Amino acid sequence: MASDKFSSLSISPAQITNLDSLGYKKMTPIQAQSLPHILKGKDLIAKAKTGSGKTAAFGIGLLNNINPRFFGVQALILCPTRELADQVGKELRRLARSTANIKLVLLCGGKPLGPQIGSLEHGAHIVVGTPGRVQDHLRKSTLKLEGLKTLVLDEADRMLDMGFSDVMDDIISYTPKSRQTLLFSATYPDSIGQMSRSIQRSPISVTVESDHKESVIEQLFYEVKKHERNTSLLALFEHYHPETAIVFCHTKIQCDEVADFLRNKNIDALAIHGDLDQRERDQVLVRFANNSCAVLVATDVAARGLDIKSLKAVINYELPRDPEIYVHRIGRTGRAGETGMAFSLFTSSEQFRVKSIADYQKKPSICDVPESLDRDPAYSLQSPMDTIQLDSGRKNKLRPGDILGALTGEAGLSGSQIGKIDIFDMSSYVALESSAVRQALNYLAQGKVKGRSIRARKLR
Ligand code: AMP
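What you see as residue numbers is a count from 1 along each chain, following the sequence as written. Residue-level local features of this predicted model are given only where pLDDT is at least 70; pairs of side-chain atoms are given and counted only at 80 or more, and the full residue set underlies all totals for whole chains, interfaces and linings. Excluding hydrogens and water, the side-chain values take into account all heavy atoms of the structure.

Visitor: Give a description of the packing of aromatic side chains that names residues and reports values.
Guide: Only rings of Phe, Tyr and Trp enter the pairing, Trp through its six-membered ring, and a pair is recorded when the two centres are within 6.5 Å. The plane angle decides the type: under 30 degrees is stacked, over 60 is edge-to-face, the rest tilted. The final tally for this structure, using the stated rule, is five aromatic pairs. Where Phe221 meets Tyr326, the ring centres are 5.6 Å apart and the plane angle is 25°; that geometry is what we call stacked. Placement of the pair is Phe221 in strand S8 (residues 217–223) and Tyr326 in helix H14 (residues 323–330), with a sequence separation of 105 residues. Only protein chains enter the accessibility calculation, which uses a 1.4 Å probe. A residue is then buried if its area is under 20% of the maximum for its type, exposed if over 50%, and partly exposed in between. With a relative accessible area of 1%, Phe221 lands in the buried category. The exposure class assigned to Tyr326 is buried, which follows from its relative accessible area of 0%. Taken together through their ring pairs, the aromatic side chains of Tyr222, Tyr240 and Phe343 make up a single cluster. Should the NZ of a Lys or the CZ of an Arg lie within 6 Å of a ring centre and within 35 degrees of the ring normal, that charge is described as sitting over the ring. Residue placement shows Lys47 over the ring face of Tyr188; its charged tip is 5.3 Å from the ring centre. The ring centre of Tyr317 lies 6.0 Å from the NZ or CZ of Arg229, which sits over that ring. Think of it this way: any DSSP run of H or I at least four residues long counts as a helix, any run of E at least two long counts as a strand, and we number them from the N terminus.

Pasting the structure below:
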């Protein structure tokens, strides 16, 4: 059994201190299994999902290989979605604190090209991006990959699902053959094996348990009639009272309809799917993460890469086609030793999916009917916080401390009434106890933050 101490790795003492300051006391299983190989320069194919610590696994590896004095792109990380790219970028920046002068640039679609080109011209060591936009920059020659040492494909299965296969091939054709290629995937369909064979050299294969311990996630399947999904969904909330939940749907329209339905029943829900623009997505994710939205109704793609610490329940409004996706979905609850609940609604025609999940998990699926649930007719689920949006952000040099200072100073709020503060380029979001929103907005309507008047509104 390999050591799980970071100090057993050949990485700099500064990085070990940095990891300690991040609270990473020992390696997660994916890190312990993959880092010794990654640090030796080997190619790797790893079956691991979000929450396993995979970002730090490839992050620590690729940072170790970067020469800060060479101002060319030395590592490229391709991610399926902007959210995941953002999250990977944030984690890499934390890990890069131990090395001076490392520049990281995010290249995601949905953002203007100009500023990205500007950042690339200033020299970048690491690029994190989505395939379409990275390809755009390669074709324009605004991105050069001749000096690339490490290529990471994160959630490669999802990139293939999203139809990025040709784009990835094209991007790879711009990279040197000598590169190290690290491929991470939550599932291993045949297409992943084919891809690995065509772009990797004798990769080391690592799998971390994708199964969850029975004691941690309680899984229940409810048989419903076709037109009773909504009432059955409500019955689950009224019986189990989860404080937070993700409801998975297949389609964007379904997400909107289910979120509307829940809101009409006094359950604080928001939908997230690919039709939202970047700002709307940011807002939904901020509100879910800062406790001002209790329920997220999401498609698999939109929920991919969400970094949510403690989710009480995962509900499958419909069962996914693939049992691996089921396991991936329910893995979002019962994290870090907490108990989670996973509920799935299915109709008689979907019974075969319940069976294939049982086969896949090698244990029987426990089925019931919603009629068996005691319901609380007075039930409502309101999140404890609300979010206010400020029309000022990073570009205005606004920092969390400035907002906190203004609200706890002149505005007279207590620190405990203020939750998470998220700063974006042009705006910021502050979670407040619902009872403190009026006081904060009244202050902001007249008072100043960092000497400037700022417009604020409550998100609804
Ligand atoms: P990931 O699977 O990369 O999305 O990581 C999941 C979460 O685990 C992130 O919030 C990381 O900051 C955190 N993390 C990664 N490695 C460690 C570690 N060795 N110890 C504690 N937390 C970690």
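Visitor: Go over the state of the cysteines with me, naming the residues and quoting the values.
Guide: By convention in this document, the label disulfide applies to cysteine sulfur atom pairs within 2.5 Å. Going through the model one piece at a time under the given rule, you end up with zero disulfides. Take Cys293: it sits in no disulfide, and the sulfur closest to it among the cysteines is that of Cys255, at 13 Å. Cysteine Cys367 is unpaired, with the sulfur of Cys249 as its nearest cysteine sulfur at 20 Å. By relative accessible area, which is 44% here, Cys367 ends up partly exposed.

Visitor: So what's going on with the site of the ligand? Residues and values would help.
Guide: We define proximity as follows: a residue is near a molecule or strand when any one of its heavy atoms falls within 4 Å of that partner. Taken together, the neighbourhood of the ligand is formed by 15 residues, with Tyr24, Gln31, Gly51, Gly53 and Thr55 sitting nearest. Within the side chain of Gln31, one N or O atom sits 2.8 Å away from a nitrogen atom of the ligand. Here the ligand loses 82% of its free accessible area of 510 Å² to cover by the protein chains. When residues are sorted by character, Ala, Val, Leu, Ile, Met, Phe, Trp, Tyr, Cys and Pro go into the nonpolar class, Asp, Glu, Lys and Arg into the charged class, and all the rest, Gly among them, into the polar class. Split into classes, the residues belonging to the shell around the ligand amount to two nonpolar, seven polar and six charged. In protein, a polar contact requires one atom able to donate a hydrogen and another able to accept it; more generally it is a pair of N or O atoms within 3.5 Å, and residues adjacent in sequence count only if both atoms are side-chain atoms. Throughout, the Shrake-Rupley method with a 1.4 Å probe supplies accessible areas, and for residues the shown protein chains are the sole cover considered.

Visitor: Summarise the packing of helix H2 (residues 29–39) against helix H3 (residues 54–64); cite the residues concerned and give the values.
Guide: Each pair of packed helices can be described by the angle between their axes along with the distance between the axes. The axes used here are C-alpha line fits, helices contributing only the stretch in contact, and every angle between their N-to-C directions lies in the interval 0 to 180 degrees. Put simply, H2 and H3 touch, their axes get as near as 9 Å, and they point 20° apart. By the angle between their axes, H2 is roughly parallel relative to H3. The interaxial crossing formed by H2 with H3 has right-handed handedness. Taken together, the residues of H3 that come into contact with H2 (itself represented by Ile30, Gln31, Ser34, Leu35, Ile38 and Leu39) are Lys54, Ala56, Ala57, Phe58, Ile60, Gly61 and Asn64. Tallied by class, residues from the contact of H2 with H3 come to eight nonpolar, four polar and one charged. For this classification, under 35 degrees means roughly parallel, over 145 means roughly antiparallel, 65 to 115 means roughly perpendicular, and everything else is oblique. Helix crossings fall into two classes, left-handed where the near helix is turned counterclockwise from the far one by less than a right angle and right-handed where it is turned clockwise. Residue contacts follow a heavy-atom distance rule, with two residues in contact if any of their heavy atoms lie within 4.5 Å.

Visitor: Please give an account of the pairing of strand S10 (residues 269–272) that cites residues and values.
Guide: Of the two faces of S10, the one holding Ala269 and Ala271 and the one holding Leu270 and Ile272 are both buried throughout. Pairs of strands are assigned from DSSP output, requiring at least two bridges between the strands. Where S10 and strand S11 (residues 295–298) come together, four bridges link them in parallel fashion. Paired with Ala269 across the bridge in S11 is Val295. A crossover counts as right-handed when, viewed with the strands pointing away from the observer, the path leading from the first strand over the helix to the second turns clockwise. Regarding topology, helix H12 (residues 278–289) serves as the crossover connection from S10 to the parallel S11, and that connection is right-handed.

Visitor: Could you give an account of the pairing of strand S15 (residues 385–390), with specific residues and numbers?
Guide: Burial analysis of S15 places six of its six residues in the buried class, which makes it a mostly covered element. Of the two faces of S15, the one carrying Met385, Thr387 and Gln389 and the one carrying Asp386, Ile388 and Leu390 are both buried. Relative to strand S17 (residues 428–433), S15 is paired through six bridges, and the arrangement is antiparallel. When the bridges of S17 are listed, Gln389 appears paired with Tyr429.

Visitor: Can you lay out the pattern of salt bridges for me, pointing to particular residues and giving the numbers?
Guide: Pairing is possible between side chains that carry opposite charge, provided their charged atoms lie close to one another. Just to be clear on terms, a salt bridge is a Lys or Arg side-chain nitrogen sitting within 4 Å of an Asp or Glu carboxyl oxygen. A full pass over the atoms with the stated rule returns 20 salt bridges. Across the pair Glu350 and Arg353 runs a salt bridge, and its minimum N-O distance is 3.8 Å. A relative accessible area of 7% means that Glu350 is categorised as buried. Through salt bridges with shared partners, one network takes in Lys54, Asp154 and Glu155.

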